[in-house]
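# Coordinate inspection notes
Listed here are the chains, written in short residue letters.
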Amino acid sequence: MSFLEYRLSRRSLAAITAGTVAIAPFARVLGQGAVSYEAPDNIGDLEGEFEADGSSTLGPLTEAAIEEFAAVAPNVRITNGISGTGGGFERFANGETAISNASRTIKEEEAALAAENGVSWYQFSMALDGITVVVSAENDFVEDLTVEELANIWAADGGVTTWADVRADWPAENIELYGPGTASGTFDFFNEEILGDREVRTDYTPSEDDNVLVQGVAGSPMALGYFGFSYYEENADTLKAVAVDNGDGAVTPSIETIGDGSYAPLGRTLYIYVSGNELQSRPEVAEFVKFYAASSDEIAPAVGYIALPEDAEQATYDKVLGAIDGSIAPDSDSFGAEEEATPAASPAA
Amino acid sequence: MIDQVSTPQVSVATGDFRPRVKARQRIGAIWRWLFFAATTLAIVLLGMLLWSIFSPGLSWLSWGLITNPPSRIPEKAGMNPAIWGSIWIVMGSGITAFLLGLGTAVYLEEYATRGRFNDFIQTNISNLAGVPSIVYGLLGLVVFVDWMNMGRSLLAGALTMALLILPVVVISSREAIRAVPSSLREASYGLGATRWQTVQNHVLPAAFPGVLTGVILAMSRAIGETAPLLVVGGASQVLWRPDGPFSTFMVMPLQIYNWTGRPQKEFEHLAAAAIIILMIILLLMNSLAIGLRHHFSKKARW
């Protein structure tokens, strides 16, 4: 089973097979992926140890990339942590980690802390995800919700206690809400996109463990919750995804609608942030990021994410190459200025 | 025996006394059944827990689970680095806690003079045993990881765990030392031995089985702890076994925690299988404790 096209020169292949038996899944298949990555001859000799940390949403994707990379560069030891996007950025800004997994863009105070500690950074898009609003499969009245209705449900001042408060012809039963906790990047993203400046209500059941949310929503026909697309996909038999209407008609989240950007505003890009110093001074970090960027399209579906469109993946890869040789300045240099011009970072790169 | 109580032989002069044998026996029987229910409830709950683990987990048990590193493909995933991490952490914390704990216990029992200071220490040790484990994790994060600059390493994890089990080790060691008959000490002093000679040649050998049992039981607690290492270790995927005191690490409970959080159902089953392995290791450690105790107590002659 080969899900990665990975081109290896003959010398490195010999070096690797000498060092490990884990080469089996890497056949020399070419031509499917958007980006082809050529491993340097000495990849088997690369050594080093560094850490990635951050989002639990992106964690499994980074872990899968680490697992595949370990098969070609067995002496590079990368560990991945799951401290949440915010927790990951804190460690990243303190210079503890080389890579930070993020399910949202970096916040001003996090960028300020990084600047204070002299940590420059690049932001790379790795995969797409759609925050999926779900109800139980037993719920027979909710098919779609407008952004306005969602905002009223989740806002502290929305005044919604029963389903009838959302739409008059829905049952006058209490609405039970499930959502991620405050440390989650998903929580931040959802509130920013749906609520804007309105305060989020606090009388819902929060959990950092998405499987708890799945159980809660699946168990009651009056429940509503939201989490990453992969958790919906794995539980599609007990959950129903609600189509979200952004004013241009209701769109159900799916691999297609998230991939082409029509699932809005809850479609999102998952990023890794890489320390500029580490990327440029340590070849093992550079090789890993290159490898990750080139293979994300094949790893992502395997762990429940949606791959970037081909041109976006190529753009990420080109940006990685530019960042390594220094021809592209770190994103941290232009962070403040960019923030004023375009509030949301471009999902392409 | 109580069942055979019959009408009292002694006549009661006041006349207030009514034997009410039947009623008292009935109340006795009710209590007996309440106690029995309390016992069975615990066993039934344990049975349900075991069933909920074994029914999904049994079919996922395999050698691969023990020998493979973690993987995103559930069929290939194992917890070899986590098993090694747990062994290192438990050995490291066990040895540290044994040395520190036994030292504390010997001092408090054999050297310290009874007084306010001694009482103060004693109260604090008992209180420490009740501190939530996450607090030890935060302590470890601040003291070992940050101040002492050990990073999120095996050493920091083992020392944090040593702190966590230290109070238990101190308390059980003190009990074991206290159980050594004072006649033994007096005989030793009577022959002109110094305090240290008495401790070294008589008290410690006699107390050793009890101390060892305490340490091993404390280590069984350490192997199942998740919260402190979640804070100190932080890592959620480590593909390599630890190769030194400063390497990053993974332990079994953290691996289980990681797997249960994943969206794919297969990982939940895998986590159940991992729990079975963790339980087997726990049972082995506990039987080792019993075996050692048996072995050493046969040697003791007094």
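Conventions adopted
- Residues numbered from 1 in each chain as written.
- Chains lettered and ligands numbered in written order.
- Predicted model: local features only at pLDDT ≥ 70, side-chain atom pairs only at ≥ 80, totals over all residues.
- Heavy atoms only, no water.
- Helix = DSSP H or I, 4+ residues; strand = E, 2+ residues; numbered from the N terminus.
- Buried < 20%, exposed > 50% of the residue type's maximum accessible area, 1.4 Å probe, protein only.
- Contact = heavy atoms within 4.5 Å.
- Areas by Shrake-Rupley, 256 points an atom, 1.4 Å probe, with all protein chains shown as cover.
- Rg over C-alpha atoms; globule rule 2.2 N^0.38 Å.
- Lys, Arg positive; Asp, Glu negative; His and termini not counted.
- Charge placed at Lys NZ, Arg CZ, Asp CG, Glu CD.
- Pairing = 2+ DSSP bridges.
- Axes fitted to C-alpha atoms, helices over the stretch in contact; angles between N-to-C directions.
- Buried area = accessible area lost by both parts, 1.4 Å probe.
- Salt bridge = Lys/Arg side-chain N within 4 Å of Asp/Glu carboxyl O.
- Polar contact = N/O pair within 3.5 Å; in protein donor to acceptor, adjacent residues only side chain to side chain.
- Domains from an automatic or database assignment.

### Focus: the overall build of chain A
Helix and strand counts for chain A come out as 13 helices and 13 strands. Across the 349 residues in chain A, those meeting the buried criterion constitute 57%. Looking at chain A alone, contacts between residues at least 24 apart form 76% of all its contacts between residues at least 6 apart. Element-wise, carbon and sulfur atoms account for 48% of the exposed surface of chain A, whose accessible area totals about 13,700 Å².

### Some remarks on the overall build of chain B
Counting secondary structure elements, chain B contains eleven helices and one strand. Reading the secondary structure of chain B in the N-to-C direction produces α-α-α-α-α-α-α-α-α-β-α-α. Against the 2.2 N^0.38 benchmark of 19 Å for 302 residues, chain B shows a C-alpha radius of gyration of 26 Å, more extended than a compact globule. Dimensions of chain B, computed from C-alpha atoms along their principal axes, come out at roughly 85 × 60 × 35 Å. For chain B, the residues scored as buried account for 41% of the 302 residues in total. As presented, chain B carries roughly 16,800 Å² of accessible surface, and 68% of it is formed by carbon and sulfur atoms. Charge separation in chain B, taken as the distance between the mean sites of 23 positive and 13 negative side-chain charges, equals 6 Å.

### Some words on the sheet that holds strand S1 (residues 235-237) of chain B
The mixed open sheet is built from six strands, whose spatial order is S4(A)-S13(A)-S3(A)-S1(A)-S2(A)-S1(B). With one partner strand each, in any of the chains shown, strand S4 (121-130) of chain A together with S1 of chain B form the two edges of the open sheet. Averaged over neighbouring strand pairs, the angle between their axes works out to 30 degrees when direction is ignored. Strand direction decides the pairing type here: strand S1 (residues 48-54) of chain A and strand S2 (residues 76-81) of chain A, joined by five bridges, are parallel. Looking at S2 of chain A, one finds that glutamate 51 of chain A is bridged to threonine 79 of chain A.

### A short note on the interface of chain B and chain A
In this assembly, 25 residues from chain B lie in contact with 29 residues from chain A. Of the roughly 2,300 Å² buried between chain B and chain A on both sides combined, carbon and sulfur atoms contribute 44%. Its largest share of buried area at the contact with chain A, chain B owes to Arg72, Trp240 and Pro263 of chain B, together 34% of the area lost on that side. Counting every contact that joins chain B to chain A gives four salt bridges. The shortest N-O distance in the salt bridge between arginine 72 of chain B and glutamate 68 of chain A comes to 2.9 Å. Inspection of the chain B/chain A interface yields eleven residue pairs in polar contact (both at pLDDT 80 or more). Elements represented by at least two residues in the side of chain B that touches chain A include exactly S1, helix H10 (252-260) and helix H11 (265-299) of chain B.

### Concerning the pairing of strand S3 (residues 99-102) of chain A
Residue and element names in this part refer to chain A. Because side chains alternate across S3, one face comprises the buried residues Ile99 and Asn101, and the other comprises Ser100 and Ala102, equally buried. With three bridges joining them, S1 and S3 adopt parallel strand pairing. Bridge pairing in S3 links alanine 52 to isoleucine 99. Inspection of the sheet shows S3 paired to strand S13 (residues 267-275) by four bridges, in the antiparallel sense. Across the sheet, the residue bridging to alanine 102 is tyrosine 271, located in S13.

### Things to note about unusual backbone geometry
Of note, the bond from alanine 264 of chain A into proline 265 of chain A is cis; its omega dihedral lies within 30 degrees of zero at 5 degrees. Tracing the backbone shows proline 265 of chain A in the loop between helix H9 (255-259) and S13. Positive phi is not limited to glycine here, since arginine 20 of chain B has a value of about 45 degrees. The topology assignment puts arginine 20 of chain B in the segment before helix H1 (21-57). For asparagine 149 of chain B, which is not a glycine, the phi torsion comes out positive at approximately 60 degrees.

### Observations concerning the domain arrangement of chain A
Residues and elements named next belong to chain A. As far as domains go, chain A holds domain 1 (10-129 + 269-341) and domain 2 (132-265). Computed over C-alpha atoms only, the centres of domain 1 and domain 2 are separated by 31 Å. Opposite the 13 residues of domain 1 that make contact, domain 2 presents 13 residues. Buried area between domain 1 and domain 2, summed over both chains or domains, comes out near 930 Å², and the portion from carbon and sulfur atoms is 54%. On inspection of domain 1 and its partner domain 2, the count reaches two salt bridges. Notably, a salt bridge pairs aspartate 188 with lysine 107, separated by 3.5 Å at the nearest N-O pair. Seen at the junction of domain 1 and domain 2, the total is two residue pairs in polar contact (both at pLDDT 80 or more). Residue assignment for the side of domain 1 that touches domain 2 shows that the elements contributing at least two residues are helix H3 (84-93) and S4.

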